[in-house]
Protein chains: 2
Amino acid sequence: MKKIDGGVCAAKGFSAGGVHCGVKADSDPAKRDLALILSEKECAAAAVYTTNRVKAAPLYVTMEHLEEGVCRGIVANSGNANACAPQSHENALEMCALAAIATGLKPQDFAVASTGVIGQTLNLAPIQAGLPALVKSLRPDGDGSDAAAHAIMTTDTVKKETAVELELGGKTVRLGAIAKGSGMIHPNMGTMLCFITTDCAITSDMLQEALHTVTRRTFNRVTVDGDTSTNDMCVILANGMAGNPQIEWEDEDFATFQAALMNLCTDLARRIAGDGEGASRLITCAVRQARSEESAERLAKAVVGSALVKAAMFGADANWGRVLCAMGYSKAPFRPEYVDISFTSAAGTIPVCRQGSGLAFDEDKAKQILTQDEVVIDVCLNEGDEQATCWGCDLTYDYVKINGDYRT
Amino acid sequence: MKKIDGGVCAAKGFSAGGVHCGVKADSDPAKRDLALILSEKECAAAAVYTTNRVKAAPLYVTMEHLEEGVCRGIVANSGNANACAPQSHENALEMCALAAIATGLKPQDFAVASTGVIGQTLNLAPIQAGLPALVKSLRPDGDGSDAAAHAIMTTDTVKKETAVELELGGKTVRLGAIAKGSGMIHPNMGTMLCFITTDCAITSDMLQEALHTVTRRTFNRVTVDGDTSTNDMCVILANGMAGNPQIEWEDEDFATFQAALMNLCTDLARRIAGDGEGASRLITCAVRQARSEESAERLAKAVVGSALVKAAMFGADANWGRVLCAMGYSKAPFRPEYVDISFTSAAGTIPVCRQGSGLAFDEDKAKQILTQDEVVIDVCLNEGDEQATCWGCDLTYDYVKINGDYRT
């Protein structure tokens, strides 16, 4: 397996594009707000959705359109979440109808996604006007993926795109993805928007199984602010054009495919955490030697989700007491008196707690370690063989600034 | 029932004091860091403690000393949490022993509490040196309570003190309290430090029952940052000196006493939320017409605990979509399409959502309402007759600043 270029257009038979049509209040034409991903052939499709009880209309429409596990493309806008507003459901259906008209396909061939402000009616006029130009602009290469990746960004500061290549049954199979996500991000959901394409031949059932397993260990282990969005969705389309023997069981090929998907999604999960709203650094918490993966995950999530840990990381303050405190209220079972904690980054490692008790340490060295772009909080429970890693970011002035007046 | 002055010294037979002994790194003698509350007579005692799995040593020692439901006084320091550090347990025991020496009582006559940095060994030398002067300074009046209230503050910007008076069985009964709490505050615990005194005659069992009921609806409904501390504790001492017929059952007197305690703790809960670290305003979420009090509480807690709602409140942004979104991930059952939301403050009321859908509203009026010191988010579920109110505060630059470098 190796990293390649091309994003969602890396796999055979996919094209993509993104334009500015005018959904975003800002009329700056550089701000793309409408994306389209299309496959030459019908795809096996799978998706995971937010666990929020309040689900945006596009999610319900996508669930319906993907009911039989097939799909041809994805249409998405940024700037308006099309959630909790009059006409939301009709508008999500209409977005698919407009995409169908512009492409000559059927409305139910499309998954649809929206991201942006909640509670304002989505104006379809700019989408209707922009779609023909968007379809004309579709490209089967990295530029097409790049345009689509930009068109789904909201407060993201960097576009998120990745792709990998692997061998399956003597054939080259490719997977690529674009994602957006910066705030309103918290475990236990499909998380943010992520669109994945692959030319792998695989049934929609096996695709759903792989996606479910992978999101649980990647996107669902990211937290930026503890707020689970109404619009989160991760969709994967597989058009089979790689020509590999179709994956129909949990066989070796399935394991290989799933490992590649894990790799792809881990990469994006880390980038989403690192680009958390206002974030100045990526915080990884790895909990090791746990009695179960579930409790390791719960502990790691509590640590990266703690406002006090996040603020301490912003201040490059080796305040490990807050790490232990967050573990304590996670509701996961562990023995505080067994816990070892250390901080690690490119600048080195510093142990700060052994068997639940503070160690004397060099504050200057700790500062040096904690001021790097990526900091790992390593927690060893000394109780078992299981582990889990979760990702988050620091809490900064900019998070408050970005979210203090996002809507207006 | 009426508000009176005097704090923890309002009730007969209690004296209190607070001095600077040197636990706080800052050697500014104006920064008090050692408090003592003492009753002339033995008290019935009850307490609630943090639900954090990592509990600070003083909590275990207090649990032990209060095992038989009796107590004479409370000794507390600020500046060091005496948690997760070598010798924590020995130091908590020794603090009681030192208080006993200085007062001529027994170590097990004392409840002990600490608040401050986690993970650093508490230096007992300044406490030992400071206790005789502290005992000498004890006063049975408002000045004594004031000094003790100051001595338990950490990042608190205002001291928190309150007292009420009521009639029970023809006698005047008084209840008073001091509290501290500003950060690391989240529901489901005894919450922060709160010391309550009363001259009511009541058994320790009934005292425990009243305290449990009241904290569940007051302190456990406050959230500042979602971080449940290792040191939270609320202790109540009742010395019986009011001479009322002792409360031994759930009779009318018990109901009257519990109502007064509810009043006292609601007052302090609101003040703790309003003085949340960096807070510029108190945010109250009242969820009405719910099917159960439990789900109303869960929904209201999710709203005041949402980082995005808190940041929007800081920006005086009427972003009600985030309110509905937070309700959605609370795991409480409700029908989004039935929900009405409005914002209320001293400047008026503005409905922003009806039956789950956004209403057009005057942005200028909304801004005016949301820039007040106290804002109420009123949520009507239109489903039943139950309700719950939770308190929090906005998320500001100052929260990040205070917590970015608290330890050093």
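Residues numbered from 1 in each chain as written. Chains lettered and ligands numbered in written order. Predicted model: local features only at pLDDT ≥ 70, side-chain atom pairs only at ≥ 80, totals over all residues.

Participant: Outline the overall build of chain A, supporting the account with residue identities and numerical values.
Facilitator: Within chain A, the secondary structure is distributed over 11 helices and 15 strands. Whereas a compact globule of 408 residues would reach a radius of gyration of roughly 22 Å, chain A reaches 22 Å, a difference of no more than 12%. Based on the C-alpha atoms only, the size of chain A along its principal axes is roughly 70 × 55 × 35 Å. Relative to its full complement of 408 residues, chain A shows a buried share of 63%. Once local pairs closer than 6 in sequence are excluded, the contacts in chain A between residues at least 24 apart make up 80%. (Helix = DSSP H or I, 4+ residues; strand = E, 2+ residues; numbered from the N terminus. Rg over C-alpha atoms; globule rule 2.2 N^0.38 Å. Buried ≥ 20, exposed ≤ 12 C-beta atoms within 10 Å, placed from the backbone. Contact = placed C-beta atoms within 7 Å.)

Participant: Describe the interface of chain B and chain A, naming the residues involved and giving the relevant values.
Facilitator: Listed by partner, the interface residues are 51 residues for chain B and 50 residues for chain A. Contributions of two or more residues to the side of chain B that touches chain A are made by helix H8 (307–314), helix H9 (320–328), strand E13 (357–358) and helix H11 (397–404) of chain B. Ranked by the residues each element gives to the side of chain B that touches chain A, the list is headed by H9 of chain B, at seven residues. Grouping the constituent residues of the side of chain B that touches chain A by class yields 25 nonpolar, 20 polar and six charged. (Nonpolar A, V, L, I, M, F, W, Y, C, P; charged D, E, K, R; others polar.)

Participant: How would you summarise the pairing of strand E8 (residues 193–198) of chain A if you had to cite specific residues and measurements?
Facilitator: Residues and elements named next belong to chain A. The buried fraction of E8 is high, at six of six residues. Judged by which residues are buried, E8 turns out to be covered on both faces: Leu193, Phe195 and Thr197 on one side and Cys194, Ile196 and Thr198 on the other are all buried. Looking at chain direction, E8 and strand E9 (residues 233–238) are connected through six bridges and run parallel. Paired with Leu193 across the strands is Met233, a residue of E9. (Pairing = 2+ DSSP bridges.)

Participant: Break down the nonpolar core for me, citing the residues and quoting the values.
Facilitator: The nonpolar side chains of a soluble globular protein tend to be buried, and buried together. Grouped together as the largest cluster of nonpolar side chains are 296 residues, with contacts concentrated most on Ala148 and Val303 of chain A together with Ala148 and Val303 of chain B. Once residues lying within four places of it in the same chain are set aside, the contact partners of Ala148 of chain B are Val8, Ala16, Gly17, Gly18, Ala35, Leu36, Ile37 and Ile178 of chain B. (Core = buried A, V, L, I, M, F, W, Y, C linked by C-beta atoms within 7 Å.)

Participant: Just give me the short version of the relation of the copies chain B and chain A, but keep the residues and values in it.
Facilitator: Of the two same-sequence chains, chain B is brought onto chain A (RMSD 0.0 Å, axial shift 0.0 Å) by a rotation of 180 degrees. Taken together, these values place the two copies in the relation of a two-fold axis. Residue Tyr397 of chain B of chain B places its C-alpha closer to the rotation axis than any other residue of that unit, at 2.6 Å. When you check the interface residues of chain B against chain A, 98% turn up at the interface there too, and the contact is symmetric in its surfaces. (Least-squares fit on C-alpha atoms with pLDDT ≥ 70 in both.)

Participant: Hey, could you go over the confidence of the model for chain A for me, with residue numbers and the actual values?
Facilitator: Residue and element names in this part refer to chain A. Of all residues in chain A, 94% attain a pLDDT of 70 or more, and the chain-wide mean is 90. Note that residues 187–191 has pLDDT below 50 and, in this model, 30 contacts with residues that lie over four places away or in other chains. Reported confidences for the modelled complex are a pTM of 0.80 and an ipTM of 0.74. (pLDDT = per-residue confidence, 0-100.)

Participant: Provide a residue-level description of the packing of helix H2 (residues 88–103) of chain B against helix H3 (residues 125–137) of chain B, including the pertinent values.
Facilitator: Residues and elements named next belong to chain B. Close contact between H2 and H3 brings their axes to 9 Å; oriented N to C, the two are set at 35 degrees. For H2 against H3, the interelement crossing comes out right-handed. Contacts between H2 and H3 involve Met95, Leu98, Ala99, Ala102 and Thr103 from the first element and Ile127, Gln128, Leu131, Pro132 and Val135 from the second. Here the contact of H2 with H3 is built from residues that sort into eight nonpolar, two polar and no charged. (Axes fitted to C-alpha atoms, helices over the stretch in contact; angles between N-to-C directions. Left-handed = near helix turned anticlockwise from the far one by under 90°.)

Participant: Quick one: what's the story with the packing of helix H7 (residues 293–305) of chain B against H9 of chain B, residue by residue and with numbers?
Facilitator: In helix packing, the relevant descriptors are the interaxial angle and the interaxial distance, both defined with respect to the helix axes. Residues and elements named next belong to chain B. It is the contact of H7 with H9, at a shortest axis distance of 8 Å, that shows an interaxial angle of 130 degrees. As summarised for this structure, H7 and H9 are arranged oblique, according to the angle between their axes. The crossing of H7 and H9 is right-handed. Between H7 and H9, the residues in contact are Leu299, Ala302 and Val303 and Val323, Ala326 and Met327, respectively. Looking at the contact of H7 with H9, its residues break down into six nonpolar, no polar and no charged. (Parallel < 35°, antiparallel > 145°, perpendicular 65-115°, else oblique.)

Participant: Please give an account of the sheet that holds E13 of chain B that cites residues and values.
Facilitator: Residues and elements named next belong to chain B. Across the sheet, six strands lie side by side as E13-E12-E11-E14-E10-E15; this open sheet has mixed pairing. Only two strands of the sheet have a single neighbouring strand rather than two, namely E13 and strand E15 (386–393). Bridging between strand E10 (residues 282–290) and E15 involves seven bridges; their strand directions are antiparallel. Bridging across to E15, Cys285 finds its partner in Cys390. This element, helix H6 (residues 252–274), spans E10 and E15 of the sheet and lies at about 40 degrees to E15.

Participant: Can you tell me about the sheet that holds strand E10 (residues 282–290) of chain A, naming the residues and giving the values?
Facilitator: One key point about sheets: their strands pair by backbone hydrogen bonds, in either a parallel or an antiparallel sense. Residues and elements named next belong to chain A. Read across the sheet, six strands follow the order E13-E12-E11-E14-E10-E15 without closing on themselves; strand pairing throughout is mixed. The open sheet has two edge strands with one neighbour each: strand E13 (357–358) and strand E15 (386–393). The pairing of E10 with strand E14 (residues 374–380) spans seven bridges and is parallel. In the sheet register, Thr284 faces E14, and the bridge partner there is Val376.

Participant: Mind laying out helix H6 (residues 252–274) of chain A, listing which residues take part and the relevant values?
Facilitator: Counted at 1.5 Å a residue, the expected span for H6 of chain A with its 23 residues is 33 Å, and the 33 Å between its end C-alpha atoms agrees. Each element contacted by the buried residues of H6 of chain A is listed here: strand E6 (160–168), strand E7 (171–180), E8, helix H5 (204–217), E10 and E15 of chain A. (Expected span 1.5 Å × (residues − 1).)

Participant: How would you summarise helix H1 (residues 57–65) of chain B if you had to cite specific residues and measurements?
Facilitator: Looking at H1 of chain B, one finds that the buried residues are Ala57, Pro58, Leu59, Val61, Thr62 and His65 of chain B. In the core, the buried residues of H1 of chain B are packed alongside strand E3 (34–49), strand E4 (70–80), H2, strand E5 (110–117) and strand E9 (233–238) of chain B.

Participant: With reference to specific residues and values, describe the environment of Asp253 of chain A.
Facilitator: Residues and elements named next belong to chain A. Its place among the elements puts Asp253 in helix H6. When the C-alpha atoms of Asp253 and Ile202 are compared, they prove to be 9.8 Å apart, with 51 residues separating the residues in sequence. If sequence neighbours within four positions are ignored, Asp253 has contacts with Leu168, Gly169 and Ile247.

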